[in-house]
Amino acid sequence: ESKLLVKREGDFHYPICFEEDFSNLAQAMLGEGLSDRKICIVTDSNVGPLYEEAVKKALSEVSAEISVFTFEAGEKSKNLDTVSALYQTLISNGLDRKSLLVALGGGVVGDLTGFGAATYLRGIDFIQVPTTLLAQVDSSVGGKTGVDFQQYKNMVGAFHQPRLVYMNLNTLTTLPDEQFACGMGEILKTGLICDGDFFRFVCREQKEIKSLNMKLIATMVRRCCEIKAGVVERDPKEQGERALLNLGHTVGHAVEKLKNLSLLHGQCVAAGLVAAAYLSMKRGLLTEQEYQEIRKGCEDYDLPVHVDGLIPEEVLAATKKDKKMEQGHIKFILMDGIGKSFIDKTVKDEELLSCIQEIT
Ligand code: NAD
Ligand code: ZN
């Protein structure tokens with residue numbers, strides 16, 4: 001099955017399609033009643049030149065009015081100024097409440113387009129066409145949308161579910177290796193949270209996956225979406241279980257802040273996973289062998305398990321400043337075996353420092 005159904009609200013579901021080109025996009029939209037609408041494709045300066053024409057062509061089967069909004073690639077565009085420019089384009093092109101936005105790109109495009117769709121005319125429909133591995137397995141599923149504000153990441157946003165997620169997995173062939181590795185960081189994380197067999201499959205098939213064996217990529221991306229969708233369906237607004245998805249992110253975010261210019265998100269998450277694994281091992285929840293297995297999984301996908309040039313005490317301070325604090329206690333995700341995780345609020349500063357020392 002090349003399709004997965006995800007719950008939206010009430011009895012409404014939306015499909016995630018795993019495809020190898022754009023040829024079934026129009027059909028998928030028809031199936032969701034998304035034809036005959038004005039469309040605006042939102043993309044960035046890297047993805048547009050690569051895929052805009054093909055997507056436009058596919059969409060022309062279901063819409064006669066297609067406009068495109070392109071912004072400069074990169075996290076620094078994920079802000080209200082870009083959203084403002086998007087609104088301007090939507091107004092100029094006469095997009096109305098029945099119109100549809102198409103997010104064609106990575107997580108930056110997806111988050112920004114979703115937020116635009118959530119707020120334009122008090123909310124219009126949008127679909128996701130994710131082109132990075134990270135967006136395919138993580139950001140396009142779950143309905144979190146938003147932009148950064150001043151120095152604060154994802155500070156302004158809304159929950160807004162897409163009507164359809166359509167991935168052409170072959171877009172991964174043009175993705176830079178480092179960006180591919182970042183997606184793998186989130187995939188390893190997902191396996192570690194709740195599916196040890198999946199984690200081991202991903203580690204075992206490392207060579208084939210890195211060489212973009214599409215059959216294995218499709219299996220992997222699909223399973224990852226299934227896990228994330230399940231977690232999100234049970235806890236859409238992050239009141240409980242959804243917090244598990246932050247495995248590796250507590251220390252990871254701190255490293256990301258301090259290493260802003262030199263490391264990507266998924267790379268910091270990998271270092272954070274190793275830190276969380278170390279802490280779990282120190283608590284007797286993981287064996288030394290399991291800890292090494294997690295480290296090797298990251299290394300095999302060219303993800304850092306060690307970050308140079310950081311002062312552990314500074315990482316600790318940054319970790320404690322993160323917004324995932326609850327009444328002074330850090331919400332830390334620990335592993336209880338590979339593929340089992342839980343939220344813990346008893347992690348002490350000394351423990352945190354020792355796992356930070358392990359990766360710095
Ligand atoms: P991104 O969108 O910036 O893409 C990374 C780079 O790859 C960009 O330069 C982009 O232009 C380029 N690119 C994209 N697809 C390509 C392709 N097929 N070929 C060649 N180049 C391509 O970053 P990302 O890693 O996809 O996403 C990161 C963003 O996602 C962050 O802003 C993060 O906050 C957000 N995010 C959101 C959620 C969520 O639940 N909403 C979850 C995780 C991350
Ligand atoms: Zn992440």
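Owing to the predicted nature of the structure, the values given are computational and were not obtained by experimental measurement. (Residues numbered from 1 in each chain as written. Chains lettered and ligands numbered in written order. Predicted model: local features only at pLDDT ≥ 70, side-chain atom pairs only at ≥ 80, totals over all residues. Heavy atoms only, no water.)

Participant: Please set out helix α4 (residues 107-119) residue by residue, giving values where relevant.
Facilitator: Taking 1.5 Å as the rise per residue, α4 with 13 residues should run 18 Å; its terminal C-alpha atoms sit 18 Å apart, in good agreement. Most of α4 sits out of view: 12 of its 13 residues are buried. Turning to α4, its buried residues number three or more, namely Gly107, Val108, Val109, Gly110, Asp111, Leu112, Thr113, Gly114, Phe115, Gly116, Ala117 and Ala118. Directly after α4, the chain includes leucine 121, whose backbone phi takes a positive value near 50 degrees. (Helix = DSSP H or I, 4+ residues; strand = E, 2+ residues; numbered from the N terminus. Expected span 1.5 Å × (residues − 1). Buried < 20%, exposed > 50% of the residue type's maximum accessible area, 1.4 Å probe, protein only.)

Participant: Now, about the site of ligand 1: what can you tell me, with residues and values included?
Facilitator: Looking at ligand 1, there are 26 residues lining it, with Asp44, Glu75, Gly107, Thr132 and Thr174 nearest. In the model, an oxygen atom of ligand 1 is placed 2.6 Å from a nitrogen or oxygen of the glutamate 75 side chain. In isolation ligand 1 has 860 Å² of accessible area, and contact with the protein removes 87% of it. Elements represented by at least two residues in the shell around ligand 1 include exactly α2 (47-59), α4, α5 (133-139) and β8 (152-159). (Near = heavy atom within 4 Å. Polar contact = N/O pair within 3.5 Å; in protein donor to acceptor, adjacent residues only side chain to side chain. Areas by Shrake-Rupley, 256 points an atom, 1.4 Å probe, with all protein chains shown as cover.)

Participant: A description of the sheet that holds strand β9 (residues 164-168) should follow, citing residues and the corresponding values.
Facilitator: Taken in spatial order, the 7 strands make up an open sheet running β1-β2-β9-β6-β5-β3-β4, and their pairing is mixed. Here the strands that pair on one side only, and so sit at the sheet edges, are β1 (3-9) and β4 (66-71). Across the sheet, the mean angle from the axis of one strand to that of its neighbour is 20 degrees, orientation sign disregarded. Strand direction decides the pairing type here: strand β6 (residues 125-130) and β9, joined by 2 bridges, are parallel. Note that in β9 the partner of glutamine 128 across the bridge is valine 165. The sheet strands contacting α2 are β3 (39-44), β4 and β5 (100-105), and the helix crosses β3 at an angle near 160 degrees. (Pairing = 2+ DSSP bridges. Axes fitted to C-alpha atoms, helices over the stretch in contact; angles between N-to-C directions. Contact = heavy atoms within 4.5 Å.)

Participant: Can you tell me about the side chain of aspartate 235, naming the residues and giving the values?
Facilitator: When you line up the elements, aspartate 235 lands in the loop between α9 (214-234) and α10 (249-258). This buried residue, aspartate 235, is left without a salt bridge; arginine 242 holds the nearest opposite charge, at 6.6 Å. Within the structure, aspartate 235 has its side chain in polar contact with the backbone nitrogen of glutamate 238 (distance 3.3 Å). When sequence neighbours within four positions are dropped, the list of residues in contact with aspartate 235 reads Gly240, Glu241, Arg242 and Ala243. (Lys, Arg positive; Asp, Glu negative; His and termini not counted. Salt bridge = Lys/Arg side-chain N within 4 Å of Asp/Glu carboxyl O.)

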